[in-house]
Each structure stands twice: as structure tokens, then as C-alpha cells.
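Examining the three-dimensional arrangement
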Amino acid sequence: PEKVISDIQHMIDHYQIDGLQFYDETFTVNRQRVLELCDAMDTAGLKIPWACFTRVDLVDEDLLIRMRESGCYQIFFGVETGVERLLKMIRKGTSLDQARKAFKLCRKIGIETVASFMLTLPTETVEDTEVSVRFGLELDPDYVYWLTFVPYPGNDLADMAHESGTIINDDPTTYNVFNEIVYVPEGRSEEEIRKTVARAYRRFYLRPRYVVRQLIKLTKLPPGKAFNLVKGGLRTLIKDKV
């Protein structure tokens, strides 16, 4: 913790940062370490907002409250899918109920949530994708990513992808889950997937209740930052490719 505090203080002193994100793959995997870090930040008087990544099965109410007290304002969760069968297939090790509980707790405590879904998994049907999108709407996070599955070589899912669909790009050095479709499950098409993902973004971000909620948040930001956020969001929603 002392080294982390030193690094944060250095960034504040030399780069005037007003927030930070911990890029640990699973920030709360060591619960005691997180508590020690929160204590160290408080002792050092570091009142700076921060965000992190973790799993829905590695948070609890007491931990989240302590994180919030020390400045945590946002957590990124890899939900992956709203279909239990697919969760078991990818050996995620979490359940839909654990996701529901984690997002509910964050909302209660006042921590923003980001949900990431991995659509078009091997054997995933159009109906399965719809279930995942509906689950994302049910969780109602502050932000969502609808990403398409990328079959990086060397794991069981990549082998399964070759057996149950089409790999349309076999060069892993060019893979980008944010704007490229690499794999098409059997019975589906690249065009259908593009339209489905684009529609999922619109269904989530253009809900009247969501729009109102975000507009209220924008009123609390500096005008320049609020304008850039709105401009970036509109660009994402209206572009042809996701």
C-alpha cells in the first residue's frame, strides 16, 4: 500500500490528476489488501475519486461501503452473459443472482457500475443474445458494453468456435472486441450481429428513464466535460458500426 500511495501522490503533484483507475484485473480478489489500501489512502489524506475492475462474486456490502468511503465511485464488472447455460460453458464461476446482488448493492451504496457482456459466444443463438440484452436492462448499470466474442487461440472456447461457427478473421494480432466481428456462431450472420449489437446499445442508452438520470448527472459536471461526454455518446449511438 505504501508504494501505491506514493505513486498516487506523485501523479497528483506532477500531473494534477483529478481521478484514477486501478487496472488490476480483479481488484478485490484479495479483500484484506483492498481494506489496507483504503486505510492507507485515508491516512495519507488522499481524497481522490477512483474506479476499478472486479467480479460480481468478489464484493460484499461491508467491502463496498469501505471502498466508497475512500473514494471509489465506479466498478467495472464482467457479467458476460445473461444465460446460465453459457455462464457454465465459459466456466465463469458466477451466477445471475450474484450479478443481481452486486449491482443492487452498488446502487444502494452509491457506486456507479459498468457491465460488460460478451455476446455471440459459441453456440449462442439469436434468442440467447436477446436474453443477455434483457438481463443487462434488468441490472440497469450506469454504463454497458455489448462486446462480441473473440476466439483468441489456445483455449477451449476457440476450439469450440471453430466447431460451431465461422472464424472470419484468423489473425489474432488484429482483433478488437469493440468494433470488429471475428466470429459468427452457426445459424447467424455478420450483418445480423452488427444490427443486433447496435440495437442493443440503442435499447439501453435511449431509455427515457436512463436519459433523464444521465442528464441530472451532467448538470453536476463542468460544462466542457459535460459537452464532450454528450458528443461522444451521440457519436457512438449514430455510427453505422459498433
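Rules of the game
Residues numbered from 1 in each chain as written. Predicted model: local features only at pLDDT ≥ 70, side-chain atom pairs only at ≥ 80, totals over all residues. Heavy atoms only, no water. Core = buried A, V, L, I, M, F, W, Y, C linked by side-chain atoms within 4.5 Å. Buried < 20%, exposed > 50% of the residue type's maximum accessible area, 1.4 Å probe, protein only. Contact = heavy atoms within 4.5 Å. Phe/Tyr/Trp six-rings, centres within 6.5 Å; stacked < 30°, edge-to-face > 60°. Axes fitted to C-alpha atoms, helices over the stretch in contact; angles between N-to-C directions. Helix = DSSP H or I, 4+ residues; strand = E, 2+ residues; numbered from the N terminus. Parallel < 35°, antiparallel > 145°, perpendicular 65-115°, else oblique. Left-handed = near helix turned anticlockwise from the far one by under 90°. Nonpolar A, V, L, I, M, F, W, Y, C, P; charged D, E, K, R; others polar. Polar contact = N/O pair within 3.5 Å; in protein donor to acceptor, adjacent residues only side chain to side chain. Salt bridge = Lys/Arg side-chain N within 4 Å of Asp/Glu carboxyl O. Pairing = 2+ DSSP bridges.

Looking now at the nonpolar core. Counting 50 residues, the largest nonpolar core has W50, L64, M67, I75, F77, F117 and W146 as the members making the most contacts within it. Those residues within four positions of W50 in sequence are excluded, and the remaining contacts are L20, F22, F27, C38, M41, M67, S70, G71, C72, Y73 and Q74. Counting residues in hydrophobic clusters, the runner-up holds 9 residues, among them L86, F149, L157 and Y183.

With that out of the way, let us pick up the packing of aromatic side chains. Aromatic ring pairs are reported here in terms of the distance separating the ring centres and the angle at which the planes meet. Applying the stated criterion to the full structure yields 14 aromatic pairs. Taken together, a centroid distance of 4.9 Å and an interplanar angle of 80° make the contact between F204 and Y205 edge-to-face. By the burial criterion, F204 is buried, and Y205 matches it. Relative to Y210, the ring of Y205 lies with its centre 5.3 Å away and its plane at 80°, an arrangement referred to as edge-to-face. Exposure class is identical for Y205 and Y210. Each is buried. The rings of Y23, F53, F76 and Y145 are connected pair by pair, giving a single aromatic cluster.

With that settled, the discussion passes to the packing of helix 1 (residues 2-15) against helix 2 (residues 31-43). Angle between the axes and distance between the axes are the two parameters that describe a pair of packed helices. Put simply, helix 1 and helix 2 touch, their axes get as near as 9 Å, and they point 45° apart. The angle between helix 1 and helix 2 places the two elements in the oblique class. The interaxial crossing formed by helix 1 with helix 2 has right-handed handedness. Two secondary-structure elements touch here, helix 1 through V4, I5 and I8 and helix 2 through L37, A40 and M41. Of the residues in the contact of helix 1 with helix 2, the class split is 6 nonpolar, no polar and no charged.

So, on to the side chain of T129. Assignment of secondary structure puts T129 in helix 6 (residues 126-139). Side-chain polar atoms of T129 contact the side chain of E124, separated by 2.6 Å. Separated by 2.8 Å, the side chains of T129 and R188 make a polar contact. Leaving out residues up to four positions away in the same chain, T129 has contacts with L119, T120, E124, R188 and T196.

The next point concerns the environment of Y23. Along the polypeptide, Y23 turns up in the loop between strand 1 (20-21) and helix 2. The spacing of Y23 and I90 is 67 residues in sequence and 23 Å in space, taken between C-alpha atoms.

This part takes up the pattern of salt bridges. The full count for this structure, using the stated rule, is 23 salt bridges. A salt bridge links K217 to E112; the nearest nitrogen and oxygen atoms lie 3.2 Å apart. One end of the pair, K217, is in helix 9 (residues 208-218); the other, E112, is in strand 4 (residues 112-119), with 105 residues separating them in the sequence. Across the pair R188 and E192 runs a salt bridge whose closest N-O atoms are separated by 2.9 Å. In this structure R188 comes out as buried when scored by relative accessible area, which is 11%. On the basis of relative accessibility, which here comes to 21%, the residue E192 falls in the partly exposed class.

Turning our attention to unusual backbone geometry. Phi angles above zero are rare outside glycine, and R91 is one such case at about 55°. When you line up the elements, R91 lands in the loop between helix 4 (84-89) and helix 5 (96-109). With a relative accessible area of 63%, R91 lands in the exposed category. The phi torsion at D140 lies on the positive side, around 55°, for a residue other than glycine. Along the chain, the position of D140 falls in the loop between helix 6 and strand 5 (143-148). Its relative accessible area of 11% is what places D140 among the buried residues.

Among the 5 residues in strand 2 (residues 50-54), 5 count as buried, and that is most of the element. Burial along strand 2 is two-sided: the face carrying W50, C52 and T54 and the face carrying A51 and F53 are both buried. Pairing geometry for strand 1 and strand 2, over 2 bridges, is parallel. Bridge pairing in strand 2 places L20 opposite W50.

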